[in-house]
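Here is what each chain is made of, one letter per residue.
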Amino acid sequence: MMSDHLVRGPVAIVAALVAPLAVSAVLLPFRAGLANTVVALVLVAVVVAAAALGNRPAGVLAAVSAAVWFDFFFTVPYQRLTIASTADITTAVVLLAVALTVSQLAARARRLEIVTITDSDYLAQIHHAAQLAREATSPDAVVEAVRAQLVGLLHLRGCRFEYGTLLGHAPRLESDGSLTVGRRTWDVGRLGMPDQDIELRVLAGGHFHGRFLLRPTPGHTPPLEARLVAVTLADQVGAALQTTWRTPRPTA
């Protein structure tokens, strides 16, 4: 979403620069009664928040900003970017080093958390399709369930399934998640999704059973992970159709 992009984009950078200054201003009236080590710990916490809510560059900027304002407001001589006390120099250096380190850890932890949540959702969709392919009494039910999954997974405007037809030369979603248009690989990251139906073939046992025709939503580019899950879901449809194809039809 746009708001999420802004939180980790320009807004995150501005907040990373301003937050240490704002917290320093709040602590300034209590400067006489606060040990500089306590101030440094508070500023480290601000840096961690900036990195966790924003991104890695935001964490680095917040760490530098915290070190600068610590020097400016809380070390003698005040309101100057110089430090007279050896102890304060040590505290400032440690503040910067610790803030940089924990900001990187916080940013990495946040990113890994997002990946874990996303992967769990993908795995749940694959598990659901596989279970349905095993238990459904009709392959049509599997086709319809996966069609609905593809719409949500890839944020499509529409999706339909065609049995056993291979007409036209639609762009094709390949098994490795890439996209081909004609004989060329389409640069999804740079160009986004083509503004036309995209073919996702359903194959099993060496047989072509049909295809999903995916209609992308303008401006939305599904990540590679989502495209790979889409291919896996199509494989489950292929497995269901292959089972039906192998099952002898009852005779009258």
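Here the structure is shown first, and the text comes after it.
Residues numbered from 1 in each chain as written. Predicted model: local features only at pLDDT ≥ 70, side-chain atom pairs only at ≥ 80, totals over all residues. Heavy atoms only, no water.

### Topic: the overall build of the chain
No. 1: Counting its secondary structure elements, the chain contains eight helices and six strands.
No. 2: The order of α-helices and β-strands along the chain, N terminus first, is α-α-α-α-α-α-β-β-β-β-α-β-β-α.
No. 3: Burial status across the chain gives 35% buried among its 252 residues.
No. 4: Of the roughly 14200 Å² of accessible surface on the chain, 64% is carried by carbon and sulfur atoms. (Helix = DSSP H or I, 4+ residues; strand = E, 2+ residues; numbered from the N terminus. Buried < 20%, exposed > 50% of the residue type's maximum accessible area, 1.4 Å probe, protein only. Areas by Shrake-Rupley, 256 points an atom, 1.4 Å probe, with all protein chains shown as cover.)

### A few points about the pattern of salt bridges
No. 1: Evaluation of the coordinates by the stated rule reveals 10 salt bridges.
No. 2: Of the charged contacts, one joins Arg-157 and Asp-195 as a salt bridge, the two residues approaching to 3.6 Å between their closest N and O atoms. Taken together, the residues Arg-157 in strand 1 (residues 156-163) and Asp-195 in the loop between helix 7 (188-191) and strand 5 (198-204) connect sequence positions 38 residues apart.
No. 3: Asp-197 is the partner of Arg-215 in a salt bridge, and the nearest nitrogen-oxygen pair spans 3.0 Å. Placement of the pair is Arg-215 in strand 6 (residues 207-216) and Asp-197 in the loop between helix 7 and strand 5, with a sequence separation of 18 residues.
No. 4: Judged by its relative accessible area of 18%, Asp-197 is buried.
No. 5: Members of the salt-bridge network, linked through shared partners, are Arg-160, Glu-162, Asp-197, Glu-199, Arg-201, Arg-211 and Arg-215. (Salt bridge = Lys/Arg side-chain N within 4 Å of Asp/Glu carboxyl O.)

### Things to note about the packing of aromatic side chains
Centre-to-centre distance and the angle between the planes together describe a pair of aromatic rings.
No. 1: Scanning the entire structure with this criterion turns up seven aromatic pairs.
No. 2: When the centroid spacing of 5.7 Å and the interplanar angle of 90° are considered together, the rings of Trp-69 and Phe-72 count as edge-to-face. Remark: Phe-72 and Trp-69 occur in helix 4 (residues 56-74); sequence separation between them is three residues, near one turn of the helix.
No. 3: Residue Trp-69 is classed as partly exposed on the basis of its relative accessible area of 24%.
No. 4: Here the aromatic rings of Phe-161 and Tyr-163 are separated by 4.8 Å at their centres, their planes lie at 85°, and the arrangement is edge-to-face.
No. 5: Note on Phe-161: relative accessible area 15%, which makes it buried.
No. 6: Of the residues examined, Tyr-163 reaches a relative accessible area of 42% and is grouped as partly exposed. (Phe/Tyr/Trp six-rings, centres within 6.5 Å; stacked < 30°, edge-to-face > 60°.)

### Side note on helix 6 (residues 139-154)
Since one α-helical turn is 3.6 residues long, residues separated by three or four positions face the same way.
No. 1: Over its 16 residues, helix 6 extends 22 Å from the first C-alpha to the last, a length consistent with the 22 Å expected when each residue adds 1.5 Å.
No. 2: Listed in full, the buried residues belonging to helix 6 are Pro-139, Val-142, Val-143, Val-146, Gln-149, Leu-150, Leu-153 and Leu-154. Taken end-on, helix 6 shows its buried residues confined to a sector of 130°, consistent with a single buried face.
No. 3: Between the side-chain oxygen of the N-cap and the backbone nitrogen of Asp-140 there are 3.1 Å, and the N-cap of helix 6 in question is Ser-138.
No. 4: One or two steps after helix 6, the chain reaches His-155, where phi turns positive at roughly 55°. (Expected span 1.5 Å × (residues − 1). Arc of directions from axis to C-beta. Polar contact = N/O pair within 3.5 Å; in protein donor to acceptor, adjacent residues only side chain to side chain.)

### Some details on the packing of helix 2 (residues 10-27) against helix 3 (residues 36-53)
No. 1: For the pair helix 2 and helix 3, the least separation of the axes is 10 Å and the interaxial angle reads 150°. Between helix 2 and helix 3, the interaxial angle falls into the category roughly antiparallel. By crossing handedness, the relation of helix 2 to helix 3 is classed as right-handed. Packed against helix 2, whose contacting residues are Ala-16, Ala-19, Pro-20, Val-23, Ser-24 and Leu-27, the element helix 3 presents Val-39, Val-42, Leu-43, Val-46 and Ala-50 at the interface.
No. 2: Per-class residue counts for the contact of helix 2 with helix 3 are 10 nonpolar, one polar and no charged. (Axes fitted to C-alpha atoms, helices over the stretch in contact; angles between N-to-C directions. Parallel < 35°, antiparallel > 145°, perpendicular 65-115°, else oblique. Left-handed = near helix turned anticlockwise from the far one by under 90°. Contact = heavy atoms within 4.5 Å. Nonpolar A, V, L, I, M, F, W, Y, C, P; charged D, E, K, R; others polar.)

### Notes on the pairing of strand 5
No. 1: Judged by how many residues are buried, strand 5 sits mostly within the fold: five of seven residues are covered.
No. 2: Here seven bridges tie strand 5 to strand 6, and the two strands are oriented antiparallel to one another. Bridge pairing links Val-202 to Gly-210 in strand 6.
No. 3: Taking the residues between adjacent antiparallel strands as the criterion, strand 5 and strand 6 are bridged by two residues, where Gly-205 takes a positive phi near 60°. (Pairing = 2+ DSSP bridges.)

### Brief notes about helix 2
No. 1: Between its first and last C-alpha atoms helix 2 spans 26 Å; for 18 residues at 1.5 Å apiece the expected length is 26 Å, and the two agree.
No. 2: Within helix 2, the axis deviates most sharply at Val-18, by approximately 30°, and proline Pro-20 lies no more than four positions further along.
No. 3: Taken together, the buried positions of helix 2 are Ala-12, Ala-16, Pro-20, Ser-24 and Leu-27. (Bend = angle between axes of the 7 residues up to and from the residue.)

### Description of a nonpolar patch on the surface
No. 1: A contiguous nonpolar patch, built from Val-60, Val-64, Val-68, Leu-81 and Leu-96 and spanning about 360 Å² of accessible area, is present on the exposed surface.
No. 2: By secondary structure assignment, the location of Val-60 is in helix 4.
No. 3: Its relative accessible area of 32% is what places Val-60 among the partly exposed residues. (Patch = residues over 30% accessible without salt bridge, like charges linked within 9 Å, V, L, I, M, F, W, Y side chains within 5 Å.)

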